[in-house]
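Notes for the structure review
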Amino acid sequence: DQQVKQNSPSLSVQEGRISILNCDYTNSMFDYFLWYKKYPAEGPTFLISISSIKDKNEDGRFTVFLNKSAKHLSLHIVPSQPGDSAVYFCAAMSFGNEKLTFGTGTRLTIIP
Amino acid sequence: DSGVTQTPKHLITATGQRVTLRCSPRSGDLSVYWYQQSLDQGLQFLIQYYNGEERAKGNILERFSAQQFPDLHSELNLSSLELGDSALYFCASSVASNGELFFGEGSRLTVL
């Protein structure tokens, strides 16, 4: 049972434009959500997070939006840069339970 | 560099064999997590240790076991290996309980 889903395996975006990566979850007990970025031959690195008490969190070029009623979150990257080309994983957890549930990832390619 | 060290980086072995994967967490991090990433899959949580004690368990097979030693390094033992155990095994560590994990580069296991 895939509790965190990233339905787009890949996405290509022109440099300078906005990249939007989507994630859906099914478990209503999840109350904290994170995005991780992974380059080839490296481990995932934490990018940005959001608590369920918020609907938006911004950090520089990265903004995460959470729609609890739709059980959907998205990561916006603007403007997109070539160095943003990577695999992005959405993850979710419940506070008090440190187990992260990951999606299958979206490969983002920024076209120069 | 996340500060988390995993060895070996690559391992090729045969079905039925046993292997040990090793992880050194970031200095000061008491929690160690093990994740498995199979082809086209997200990261699947296996197990978490905190200061030498098992804290949480995921879908870890009975053929797999782990431990965390007094110096906080951890080992994941995989026995009676099957073809389907071929995967990337990640170790991560953290100091907080907010899902922000620091991942190693992974150990790629190939079972032939």
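Structure's up top.
Below: a short report on this structure. (Residues numbered from 1 in each chain as written. Chains lettered and ligands numbered in written order. Predicted model: local features only at pLDDT ≥ 70, side-chain atom pairs only at ≥ 80, totals over all residues. Heavy atoms only, no water.)

1. Quick look at the overall build of chain A
A count of helical and extended segments in chain A gives zero helices and 11 strands. Listing every helix and strand of chain A by position from the N terminus yields β-β-β-β-β-β-β-β-β-β-β. Radius of gyration (C-alpha) of chain A: 13 Å, near the 13 Å computed for a compact globule of 112 residues. Looking at chain A as a whole, 46% of its 112 residues are labelled buried. Taking all contacts inside chain A whose residues are at least 6 apart in sequence as the whole, residues at least 24 apart take part in 55%. (Helix = DSSP H or I, 4+ residues; strand = E, 2+ residues; numbered from the N terminus. Rg over C-alpha atoms; globule rule 2.2 N^0.38 Å. Buried < 20%, exposed > 50% of the residue type's maximum accessible area, 1.4 Å probe, protein only. Contact = heavy atoms within 4.5 Å.)

2. Comments concerning the interface of chain B and chain A
At the interface, 21 residues of chain B touch 19 residues of chain A. Contact between chain B and chain A buries roughly 1600 Å² in total, counting both sides, with carbon and sulfur atoms accounting for 57%. For the chain B face of the interface with chain A, the top three residues by lost area are B:Leu43, B:Glu100 and B:Phe103, together amounting to 27%. Applying the counting rule to chain B against chain A returns zero salt bridges. Going through the elements one at a time, β4 (31-37) and β5 (43-50) of chain B are the ones with two or more residues in the side of chain B that touches chain A. Looking at which element gives the most residues to the side of chain B that touches chain A, the answer is β4(B), with four residues. Class assignment of the residues belonging to the side of chain B that touches chain A gives a composition of eight nonpolar, nine polar and four charged. (Buried area = accessible area lost by both parts, 1.4 Å probe. Salt bridge = Lys/Arg side-chain N within 4 Å of Asp/Glu carboxyl O. Nonpolar A, V, L, I, M, F, W, Y, C, P; charged D, E, K, R; others polar.)

3. What about the side chain of A:Ser51?
Inspection of the secondary structure puts A:Ser51 in strand β5 (residues 45-51). Those residues in contact with A:Ser51 that lie beyond four places of it in its chain are A:Asp31, A:Tyr32 and A:Leu66.

4. Description of the pattern of salt bridges
Residue and element names in this part refer to chain B. Evaluation of the coordinates by the stated rule reveals seven salt bridges over all chains. Among the ionic pairs, Lys9 bridges to Glu105, the shortest N-O distance being 3.6 Å. Of this pair, Lys9 sits in the loop between β1 (5-7) and β2 (10-13) while Glu105 sits in the loop between β10 (102-103) and β11 (107-111), and the two are 96 residues apart along the sequence. Of the residues examined, Glu105 reaches a relative accessible area of 43% and is grouped as partly exposed. In this structure, Arg22 and Glu75 form a salt bridge, with 4.0 Å as the shortest nitrogen-oxygen distance. Placement of Arg22 in strand β3 (residues 19-24) and of Glu75 in strand β8 (residues 74-78) is noted, with a sequence separation of 53 residues between them. On the basis of relative accessible area, Arg22 is assigned to the partly exposed category, the value being 33%. Within the structure, one salt-bridge network assembled from shared partners comprises Arg63, Glu82 and Asp85.

5. Remarks on the sheet that holds strand β6 (residues 56-59) of chain A
Residue and element names in this part refer to chain A. Strands sit in the order β1-β3-β8-β7-β6 across an open sheet of five strands; the sheet is antiparallel. The outermost strands of the open sheet, each flanked by one partner alone, are β1 (4-5) and β6. Sheet analysis places β1 next to strand β3 (residues 19-25), joined by two bridges and oriented antiparallel. Across the sheet, Lys5 pairs through a bridge with Asp24, a residue of β3. (Pairing = 2+ DSSP bridges.)

By themselves, these are just geometric observations and shouldn't be taken as functional.
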